[in-house]
Amino acid sequence: MSESSVSGSGGGVGRSDSPGVGLGPTAVVLGVFSVAGAWVPALAMVTLPLAIIGGALGAVLGAMGIHHARRGVGRLWAAIAGTALGVVGFLGSTAVIWSIGG
């Protein structure tokens, strides 16, 4: 028996998934959460601190996803969208806190 059939991975022989593949979609999810948490008034007061953290993580993970995608591993457009949404969510959340505090 071959090793791939014993391990039960379900993939083909020689197939290996890199962690860089999931960076783009993860950045998109965090970016969407951050944008919704910052710009939807009903959610802004409850999720504002989490929106800031989610936006920063979305921007960083998206930038890492772009790096991996340019090297041939990952999804480039998902990483670009995640980076953009993360930046918009982070800046929007920061602007809301700054306008409330000052």
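A.B. asks: Go over the overall build of the protein chain, please, and point to the residues and values.
C.D. replies: Within the protein chain one finds four helices and zero strands. Helices and strands in the protein chain line up, N terminus first, as α-α-α-α. When burial is assessed residue by residue, the protein chain has 29% of its 102 residues classed as buried.

A.B. asks: Can you explain the environment of Gly-65? Please cite residues and give values.
C.D. replies: Structurally, Gly-65 is set in helix α3 (residues 41-70). For the pair Gly-65 and Val-21, spaced 44 residues apart in the sequence, the C-alpha separation amounts to 7.5 Å. Ignoring anything within four residues of it in the chain, the contact list for Gly-65 reads Leu-23 and Ala-79.

A.B. asks: Hey, could you go over helix α4 (residues 76-101) for me, with residue numbers and the actual values?
C.D. replies: In a regular helix each residue adds 1.5 Å, so 26 residues correspond to 38 Å; α4 covers 37 Å between its end C-alpha atoms and thus fits that length. Buried within α4 are the following residues: Ala-79, Gly-82, Thr-83, Gly-86, Gly-89, Gly-92, Ser-93 and Val-96. Taken together, the buried residues of α4 touch α2 (23-39) and α3.

Conventions we followed
- Residues numbered from 1 in each chain as written.
- Predicted model: local features only at pLDDT ≥ 70, side-chain atom pairs only at ≥ 80, totals over all residues.
- Heavy atoms only, no water.
- Helix = DSSP H or I, 4+ residues; strand = E, 2+ residues; numbered from the N terminus.
- Buried < 20%, exposed > 50% of the residue type's maximum accessible area, 1.4 Å probe, protein only.
- Contact = heavy atoms within 4.5 Å.
- Expected span 1.5 Å × (residues − 1).

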